[in-house]
Structures are given as structure tokens and as C-alpha cells.
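Residues per chain are reported as follows:
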Amino acid sequence: MAEAMSPQDKIALINKNLQEILNPEIIEDVIVKQNRPLAVYWGKPGFCTATTGRPHCGYFVPMLKLAHFLQAGCKVKILLADIHGFLDNLKAPIELVKFRAEYYKYVITALLKAVNVPIDKLEFVLGSSYQLSEKYTMDIFRLSSVVTEHDAKKAGAEVVKQVENATLSGLIYPLMQALDEEHLGVDAQFGGVDQRKIFALAKEVLPRVGYKERAHLMNPMVPGLAGGKMSASDPDSKIDLLDTPEVVKKKIKKAFAPPKEVEGNGMMSFVEYVLLPAGALQGEGQKFVVERREGEPLVYTNIEKMHEDYKADILTPQLLKSGVTAALLALLEPVQAAFQASQEWQDIERKAYPPPPEKKKKEKKKDLGKRHTDAKKVEAQPDGSVHGHGQQQVSVSTGAEEAMKQLELEKKAVES
Ligand SMILES: N[C@@H](Cc1ccc(O)cc1)C(=O)O
């Protein structure tokens with residue numbers, strides 16, 4: 001498929017749905033002049049944090065871009081950025097990191113297969129597998145001697161958690177993200193526009209230590225499937241990739257989808273950035289179908305027409321939700337079937353997300369009873385936290401200790 005595409009088609013697919021691109025000429029040069037596959041990477045730090053551990057349907061948004069890159073013949077690397085996770089919020093449940101990395105590999109591979117994308121040019125890399133090397137370490141020191149404290153801080157402002165009396169780790173974080181481009185041997189880095197300041201820093205400072213600057217591809221920030229505001233504290237606002245069809249239906253039913261409003265409407269964005277492009281990749285062309293009890297189904301091939309109908313209330317929130325439910329279930333079906341068929345994946349899942357200890361569970365239920373009417377729906381996290389961001393600082397010291405131990409272990413593993 002990629003072989004049959006013209007260089008211009010490849011570039012168009014790489015750029016599709018992106019909000020911004022820095023140094024697009026680098027991409028042109030690789031694909032048109034050098035006539036070789038573009039090497040691009042996406043870094044994911046959250047997989048080893050306790051609260052945001054499990055991949056959910058929001059992952060489909062960057063996944064669809066990775067699908068475009070692969071379809072366009074790119075070499076794609078996914079960086080499981082364990083050390084970055086540690087630098088940002090000191091949370092790395094040590095014994096879980098490896099299992100979670102494994103779990104992510106299964107999930108991401110299944111997702112990409114579900115949209116019919118070739119995965120032979122896809123590679124997973126664990127950050128600590130190369131970021132503790134002598135060369136990389138020396139590069140951090142070299143970079144830290146040419147980047148000011150002010151610039152490093154500014155670069156991390158939208159990504160690194162901003163707290164009072166912040167530690168140095170938050171300054172190292174952007175430097176390492178810049179170095180990853182060199183050490184992963186890529187031509188471009190992909191991420192959300194929230195990464196923009198780090199991308200700009202990378203572009204500026206890599207040449208100062210003798211490395212070439214890379215292109216940067218940025219996705220827009222897409223509101224969550226269940227709609228912005230209520231998400232952080234509401235466990236129902238995230239749809240797990242392994243949720244049963246009944247649970248998916250229930251969560252979508254509850255989701256926030258204001259009538260006639262398309263801005264910030266997570267349900268609508270999900271169609272735009274996931275369901276429509278997924279249809280295109282599956283070879284059926286961009287198509288989103290909404291069955292209606294009365295009348296012909298509504299068939300959309302572009303988002304503009306959908307927006308128009310939604311604003312006119314022809315496509316009502318209810319209809320939108322039923323269309324999204326049907327399309328999402330169809331997308332999840334092969335992922336869940338793959339999970340059911342793989343004993344290894346199931347074993348990894350149990351190890352990566354062990355049920356919380358009994359004692360804590362009880363505490364949580366009591367706690368949650370005050371806030372949620374249906375406490376049993378809430379899954380307590382392994383670290384016992386269920387309230388989202390506000391509580392993440394609770395176990396800072398133990399988190400740090402654990403993460404340090406993990407780094408020790410990793411180092412030993414590398415040496416032996
Ligand atoms: N900063 C990225 C994660 C990341 C980490 C290291 C990288 O090299 C790249 C990306 C994020 O917030 O999602």
C-alpha cells in the first residue's frame with residue numbers, strides 16, 4: 001500500500017488532521033529527495049503511573065495518527081518513557097513497570113491491527129533501556145551546560161507538573177525529551193500541541209551540542225470522549241478498551257454532549273479524529289453511519305456535514321451517541337477478541353493491573369460512598385488513590401524510593 005503511494009500522498013497522510021508542523025521541509029527532504037521512509041516517534045510517559053495507568057479509548061486519537069504514519073510507510077517508534085514518568089511525578093510502581101510496558105505493547109498492536117494497519121515497521125522502546133547509557137548521560141550534562149534554567153523551565157511549563165519548590169527533575173525532563181530525538185535516530189517527533197514548547201526547545205538546542213534539528217508534528221488537543229469538565233473525578237468518563245459492550249453503552253449514554261454545540265464536544269471530536277479516519281483506513285472510505293428508528297440512516301463522509309446537521313439538531317445528541325456507540329463497539333470488537341484469544345496478554349493484564357489489596361478496597365468503598373451513589377463501579381487504583389489529580393502527591397516519598405530502586409535494578413540489568 002505504502003509502495004503504491006506517491007510521495008505527495010504520503011506527505012498528505014502524514015500531515016492529515018494535524019494542527020501544526022515545525023520544519024515540514026525536513027519531512028519533504030526525507031520522503032521526496034532522499035526517497036526513504038520517514039522515522040518518527042511518539043513518547044508516552046503515563047503508562048507507569050498508578051492513576052492514569054490503563055489505556056482507554058482516548059488512546060485511539062494518537063493511535064490513528066500512528067496508523068497514518070505506518071500507512072504512509074514511516075518507521076514508527078513508540079517510546080515508553082518510564083524515566084520521564086519518574087521525573088515528572090515520582091510515580092513508578094517499580095515491579096509493575098515492565099508488565100505495563102508489555103500490556104501497552106499488546107494493546108497498541110491490537111488497536112493498530114483493528115484499523116488494518118501494517119505493523120512491521122512499528123517498534124517499542126523502553127526509555128530506561130538506553131537513557132542510562134554513558135553516552136546519553138554525558139549528553140544530558142552537555143545539554144545542561146548550554147540550556148539556561150529559565151529556558152528549561154519555560155519549555156516544561158505545559159507538560160511537567162507545576163508545583164511550588166519544584167525539584168530539578170522537571171528541568172531535566174525537557175532536555176531528555178530533546179535528546180531522545182537523537183538517540184532514537186528519528187527524523188521527526190510526534191505529540192500533542194501541549195508539547196510545543198519542548199519541541200521548540202529541542203529544535204533550538206540539539207544543534208548546540210552537534211546534533212541535527214528534527215521536524216515536529218502536532219495533534220490538536222482533542223476533548224475526551226465523555227466530554228471535558230466532569231472527567232477527572234468521574235471514573236465513568238473513561239472507556240477502557242476492555243469494557244464490555246454494556247458498560248460502553250452505559251458510559252456513552254451518561255456522557256456530556258450538549259445539543260447543537262460542536263466546540264468542545266468530545267463525542268463529535270471522537271468521530272472526527274478516530275471514527276471517520278478509522279473507516280478510511282479500513283478501506284471502506286470515510287464513512288459514519290447513524291441508524292434511525294424512523295427514516296433512512298444518516299450517512300456522513302465528512303465532519304463538516306456532521307457539524308452542520310448537529311447544529312441544526314437533525315443529528316441530535318441521542319442519535320450521535322447511538323452512532324458513536326455502534327462504531328466504537330465495532331472498533332473494540334477485534335481488540336477484545338484478540339485479548340480473549342491470548343493467554344499471555346491476559347496473564348500480563350493481571351500482573352500489570354493487580355486488584356488492590358483487600359484492606360484498601362474497603363476503605364475506598366467507604367470513602368467513595370460519600371461521593372458516588374454507585375461505589376462498586378469505581379475501581380480503586382493499586383496505590384489506593386481514586387480521586388484523580390488532586391491526590392497524586394500523596395505518596396511522593398515512597399514513589400521516589402521505589403523509582404530509584406527501579407533505576408538501580410534497570411542499571412544492573414543493563415550491566416549484566
Ligand atoms: N512529554 C510527553 C512524553 C514524552 C517523554 C519523552 C519523550 O522523548 C517524548 C515524549 C508527554 O507529556 O506526553
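The coordinates are above.
Only a predicted model underlies this, so the values are computations on that prediction, with no experimental measurement involved. (Residues numbered from 1 in each chain as written. Predicted model: local features only at pLDDT ≥ 70, side-chain atom pairs only at ≥ 80, totals over all residues. Heavy atoms only, no water.)

Chemist: Would you explain the overall build of the protein chain in this entry?
Modeler: Helices and strands together make up the secondary structure of the protein chain, namely 16 helices and 8 strands. Here the protein chain, with 416 residues, has 50% of them falling under the buried criterion. Expressed as a percentage of contacts within the protein chain between residues at least 6 apart in sequence, the contacts between residues at least 24 apart total 78%. Total accessible area computed for the protein chain in this model is approximately 20,100 Å², and 54% of it derives from carbon and sulfur atoms. (Helix = DSSP H or I, 4+ residues; strand = E, 2+ residues; numbered from the N terminus. Buried < 20%, exposed > 50% of the residue type's maximum accessible area, 1.4 Å probe, protein only. Contact = heavy atoms within 4.5 Å. Areas by Shrake-Rupley, 256 points an atom, 1.4 Å probe, with all protein chains shown as cover.)

Chemist: Help me understand the site of the ligand in this model?
Modeler: Looking at the ligand, the residues that line it are Tyr 41, Gly 43, Pro 45, Leu 79, Ala 81, His 84, Val 159, Tyr 173, Gln 177, Asp 180, Gln 189 and Gln 195. At a separation of 2.8 Å, a nitrogen atom of the ligand approaches a polar side-chain atom of Tyr 173. Here an oxygen atom of the ligand and a side-chain polar atom of Asp 180 are 2.4 Å apart. Taken by itself the ligand offers 340 Å² of open surface, and the protein chains cover 89% of this. Only strand S2 (39-44) and helix H8 (169-183) provide two or more residues apiece to the shell around the ligand. For the shell around the ligand, the element with the most residues is H8, which contributes 3 residues. In terms of residue class, the shell around the ligand is built from 6 nonpolar, 5 polar and 1 charged. (Near = heavy atom within 4 Å. Polar contact = N/O pair within 3.5 Å; in protein donor to acceptor, adjacent residues only side chain to side chain. Nonpolar A, V, L, I, M, F, W, Y, C, P; charged D, E, K, R; others polar.)

Chemist: Help me understand the side chain of Lys 65 in this model?
Modeler: Residue position: Lys 65 is located in helix H3 (residues 60-71). Despite its burial, Lys 65 pairs with no opposite charge, the nearest such side chain being Glu 272 at 12 Å. Here the side chain of Lys 65 touches Ile 14 through a polar contact of 2.9 Å, landing on its backbone oxygen. Filtering out sequence-adjacent residues up to four positions away, Lys 65 remains in contact with Leu 13, Ile 14, Asn 15, Lys 16, Leu 18, Phe 190 and Asn 219. (Lys, Arg positive; Asp, Glu negative; His and termini not counted. Salt bridge = Lys/Arg side-chain N within 4 Å of Asp/Glu carboxyl O.)

Chemist: Hey, could you run me through the nonpolar core in this one?
Modeler: A general tendency of soluble globular proteins is for nonpolar side chains to be buried together. Ranked by size, the top nonpolar core spans 85 residues in total, and within it Phe 60, Phe 288, Leu 315, Leu 320, Val 324 and Leu 328 carry the most contacts. Both domain 1 (2-219) and domain 2 (245-327) contribute no fewer than three residues apiece to this core. Once residues lying within four places of it in the same chain are set aside, the contact partners of Leu 320 are Asn 265, Met 267, Met 268, Val 271, Phe 288, Met 306, Tyr 310 and Leu 315. Tyr 41, Ala 155, Leu 175 and Leu 184 belong to the second-largest nonpolar core, a separate cluster that totals 31 residues. (Core = buried A, V, L, I, M, F, W, Y, C linked by side-chain atoms within 4.5 Å. Domains from an automatic or database assignment.)

Chemist: How do you make sense of the pattern of salt bridges when you look at a structure like this?
Modeler: A side chain with one charge can pair with a side chain of the opposite charge if their charged atoms come near. The full count for this structure, using the stated rule, is 16 salt bridges. A salt bridge links Asp 309 to Lys 305; its shortest N-O distance comes to 3.2 Å. With Asp 309 and Lys 305 both in helix H12 (residues 303-311) and 4 residues apart, the pair spans about one turn of that helix. With its nearest N and O atoms 2.8 Å apart, the salt bridge here joins Asp 347 to Arg 350. Taken together, the residues span about one helical turn, with Asp 347 and Arg 350 both in helix H14 (residues 343-352) at a distance of 3 residues.

Chemist: Please clarify how the sheet that holds S2 should be interpreted in this entry.
Modeler: Sheet strands pair by backbone hydrogen bonding; their relative direction is either parallel or antiparallel. Taken together, the 6 strands give an open sheet; going across it, the order is S1-S6-S5-S2-S3-S4, and neighbouring strands pair in mixed fashion. Looking at strand neighbours, the two that pair on one side only are strand S1 (20-22) and strand S4 (122-126), the edges of this open sheet. Strand after strand, the sheet turns through a mean of 25 degrees between neighbouring axes, direction not considered. Note: strand S5 (residues 188-192) against strand S6 (residues 215-219), 5 bridges, orientation parallel. Bridge pairing in S6 places Gly 191 opposite Met 218. (Pairing = 2+ DSSP bridges. Axes fitted to C-alpha atoms, helices over the stretch in contact; angles between N-to-C directions.)

Chemist: Just to check I follow, could you spell out H8 for this structure?
Modeler: Turn by turn, an α-helix covers 3.6 residues, leaving residues three or four places apart pointing in a common direction. The end-to-end C-alpha separation of H8 is 20 Å, in line with the 21 Å expected for 15 residues at 1.5 Å each. Of all 15 residues in H8, 11 are buried; the element is thus mostly enclosed. Positive phi appears at Gly 185, one or two residues downstream of H8, with a value of about 65 degrees. (Expected span 1.5 Å × (residues − 1).)

Chemist: Before we go on, may I ask you to explain the pairing of S2 in this structure?
Modeler: It is a general feature of regular strands that their side chains alternate between the two faces of the sheet. In terms of burial, S2 is largely enclosed, as 5 of its 6 residues are buried. Note that S2 and S5 share 3 bridges and pair parallel. Pairing of Val 40 across the sheet is with Ala 188, part of S5.

Chemist: Could you clarify how one ought to interpret the pairing of S4 in this entry?
Modeler: Across the 5 residues that make up S4, a large majority, 4, are buried. Pairing geometry for strand S3 (residues 75-80) and S4, over 5 bridges, is parallel. By the bridge assignment, Val 76 is partnered in S4 with Leu 122.

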